[in-house]
Amino acid sequence: SPCRSRMGRLAGLGIASLLLMAAWAAPADEGTRKEEKPRDDLTAYGNLDLDNYDLPLDNYGEMVDLSNYEELYDYGDLAPKIEVGTLAPPSRAQEAPPGPGTTAETLELQPPSPSGHPAPLEPVTAGGPPGCRRCLCLGTSAYCDDAGLERVPPLPPHTAYLYARYNRIGHVRAADFAGLAQLKRIDLTSNSISRADADAFRLLPRLQELLLPGNRLTALPELPRSLVRLDARLNRIPSAGLRPDAFRDLAQLQFLHLSDNELDFIPAPLPQSLRSLHLQNNNIRSLQQDTFCDSRDHGHVRRALEDIRLDGNPINLSLFPDAYFCLPRLPTGRFH
């Protein structure tokens, strides 16, 4: 019948359309696979240079210099803001329930391990090992600022940097630093120190910086030969409070700051290593011809000593024209 023949033609057309679609789809799939195949080929990364991403650990110390880290960072407000409980994961002693009579006031800071590597800070009771009971110890530094101290506290033997500013320490004893051979910096700024034993600092073989400004000192103790920087500004030190030739043998001393004291004369002889001499606001009225220069050697130039402050003294520097011939620049002060 006409109806059957019409349906047969339609069925034939449908089959033909399916065959054509299959013929077109097959090459497309093959092309897609051909494009995707190089993505799995690792040789495509052969031209990528990753050498610059290697960190040479042998030269790490040369690339990262932390020698001045303590100088660049001000830890003055660090201790009050740190919660001890957040510095280390809880130890077994912390996980155990507290015993009777245990309070937050009995928790102290444990000194680092004797192996030389800083141990994690863990609270210990008052019967634990000595050291850092009134301070915060991090690595080789002890932070004891504004802790109400009346004397230098006991410290771990590996301590290299001590910050005990803004306390009420009145007397520095020779025994305060006994056994602390690693000390490099002592900062006792703004205490009430009126006296320091003669051997309080002299026996510290590595001490480089001694900072004592804002105290009540009337004399300086003996100083170690390793000292690079001495800051004793804003004290009450007269010239009689300095030992004869107090600075002559300090061959590494570069910064000597004694401003705002009661000095009557410049504490010569000064070491050749000196770079900065601050003596402003004292009572200095005169100086010797060889205070800075060797009067017998007019060819010598003292290039290192380029920062001399004598302003705020009653001395008229123009009266001593032969005292500065070896200096790279004139002292700061009154020339009329």
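Residues numbered from 1 in each chain as written. Predicted model: local features only at pLDDT ≥ 70, side-chain atom pairs only at ≥ 80, totals over all residues. Heavy atoms only, no water.

Per an unreviewed UniProt entry, the recorded name for the protein chain is OPT protein, and the organism is Nothocercus nigrocapillus. According to UniProt, the comment filed for the protein chain under the heading Subcellular location (unreviewed entry) is "Secreted, Extracellular space, Extracellular matrix". Its UniProt record gives the protein chain a comment under Sequence similarities (unreviewed entry), which states: "Belongs to the small leucine-rich proteoglycan (SLRP) family. SLRP class III subfamily." (UniProt positions renumbered as here; feature names shortened; annotations may be inferred.)

Chemist: Would you mind showing me how to read the overall build of the protein chain here?
Modeler: Across its full length, the protein chain holds five helices and 13 strands. Burial statistics for the protein chain: of 336 residues in total, 34% are counted as buried. Taking as baseline every contact in the protein chain between residues at least 6 positions apart, the subset at least 24 positions apart corresponds to 43%. Counting every atom, the protein chain has about 20900 Å² of accessible surface; 53% of that belongs to carbon and sulfur. (Helix = DSSP H or I, 4+ residues; strand = E, 2+ residues; numbered from the N terminus. Buried < 20%, exposed > 50% of the residue type's maximum accessible area, 1.4 Å probe, protein only. Contact = heavy atoms within 4.5 Å. Areas by Shrake-Rupley, 256 points an atom, 1.4 Å probe, with all protein chains shown as cover.)

Chemist: I tried to follow the nonpolar core on my own but got confused; where do I start?
Modeler: A general trend in soluble globular proteins is that nonpolar side chains are found buried together. Counting residues in each nonpolar core, the largest one holds 58 residues, and the members touching the most others are Leu162, Phe177, Ile186, Phe201, Phe247, Leu277 and Phe292. Excluding anything up to four places from it in sequence, Phe201 contacts Val172, Phe177, Ile186, Ala196, Leu207, Leu210, Leu212, Pro221, Glu222 and Pro224. Judged by nonpolar contacts, the second largest core, of five residues, contains Tyr143, Ala160, Tyr161 and Tyr163. (Core = buried A, V, L, I, M, F, W, Y, C linked by side-chain atoms within 4.5 Å.)

Chemist: Would you mind going over the pattern of salt bridges with me for this structure?
Modeler: A side chain with one charge can pair with a side chain of the opposite charge if their charged atoms come near. With the rule as written, the count across this model stands at 16 salt bridges. Notably, a salt bridge pairs Arg243 with Glu222, separated by 3.8 Å at the nearest N-O pair. Separated by 21 residues along the polypeptide, Arg243 in the loop between strand S10 (229-231) and strand S11 (255-257) and Glu222 in the loop between strand S9 (209-211) and S10 bring together distant segments of the chain. The class of Arg243 is partly exposed, set by a relative accessible area of 37%. Classification of Glu222 by relative accessible area gives partly exposed; the value is 30%. A salt bridge links Arg248 to Asp245; its shortest N-O distance comes to 3.3 Å. Overall, the relative accessible area of 36% leaves Asp245 in the partly exposed class. What you see here is one network of salt bridges that share partners, running through Asp199, Arg202, Glu222 and Arg243. (Salt bridge = Lys/Arg side-chain N within 4 Å of Asp/Glu carboxyl O.)

Chemist: I'm lost on the environment of His158 in this one. Help?
Modeler: Checked against the element boundaries, His158 lands in the loop between strand S4 (141-143) and strand S5 (161-163). Considering only alpha carbons, one finds His158 and Leu180, 22 residues apart in sequence, at a separation of 6.7 Å.

Chemist: I tried to follow the sheet that holds S9 on my own but got confused; where do I start?
Modeler: To summarise the sheet geometry, strands pair through backbone hydrogen bonds and adopt either a parallel or an antiparallel arrangement. Pairing is mixed in the open sheet, where nine strands are placed in the order S3-S4-S5-S7-S9-S10-S11-S12-S13. Here the strands that pair on one side only, and so sit at the sheet edges, are strand S3 (136-138) and strand S13 (307-309). Adjacent strand axes in the sheet meet at a mean angle of 5 degrees when their direction is disregarded. Pairing analysis gives three bridges linking S11 to strand S12 (residues 276-278), with the strands arranged parallel. The partner of Phe255 across the bridge, within S12, is Ser276. (Pairing = 2+ DSSP bridges. Axes fitted to C-alpha atoms, helices over the stretch in contact; angles between N-to-C directions.)

Chemist: How should I be thinking about the side chain of Asn261 in this particular structure?
Modeler: Within the element layout of this structure, Asn261 appears in the loop between S11 and S12. With relative accessibility at 9%, the residue Asn261 sits in the buried group. Of note is the side chain of Asn261, whose polar atom sits 3.0 Å from the backbone nitrogen of Ile237. Among the polar contacts listed, one links the side chain of Asn261 to the backbone oxygen of Leu258, at a separation of 3.1 Å. Not counting chain neighbours up to four residues away, the residues in contact with Asn261 comprise Ala232, Arg233, Leu234, Asn235, Arg236, Ile237, Asn281 and Asn282. (Polar contact = N/O pair within 3.5 Å; in protein donor to acceptor, adjacent residues only side chain to side chain.)

Chemist: Would you mind showing me how to read the packing of aromatic side chains here?
Modeler: To describe a pair of aromatic rings, you give the distance between the ring centres and the angle between the ring planes. Evaluated as defined, the whole model comprises three aromatic pairs. Summarising the aromatic geometry, the rings of Phe177 and Phe201 are spaced 5.8 Å apart at their centres and angled 35 degrees between planes, so their arrangement reads as tilted. In this pair, Phe177 sits in the loop between strand S6 (171-172) and strand S7 (185-187) while Phe201 sits in the loop between strand S8 (195-196) and S9, placing the two residues 24 residues apart along the sequence. Of the residues examined, Phe177 reaches a relative accessible area of 3% and is grouped as buried. Its relative accessible area of 0% is what places Phe201 among the buried residues. Plain terms: the ring middles of Tyr324 and Phe335 are 6.3 Å apart, the flat faces sit at 70 degrees to each other, and that makes the pair edge-to-face. Linking Tyr324 in the segment after S13 with Phe335 in the segment after S13, this pair joins segments that are eleven residues apart in sequence. Judged by its relative accessible area of 7%, Tyr324 is buried. (Phe/Tyr/Trp six-rings, centres within 6.5 Å; stacked < 30°, edge-to-face > 60°.)

Chemist: Please explain the environment of Leu253 as it appears in this structure.
Modeler: With respect to the secondary-structure elements, Leu253 resides in the loop between S10 and S11. Taking the C-alpha atoms as reference points, Leu253 and Leu227, 26 residues apart in sequence, are found 5.6 Å from one another. The contact partners of Leu253, leaving out residues within four places of it in the chain, are Leu227, Val228, Arg229, Leu230, Phe247, Pro271, Ser273 and Leu274.

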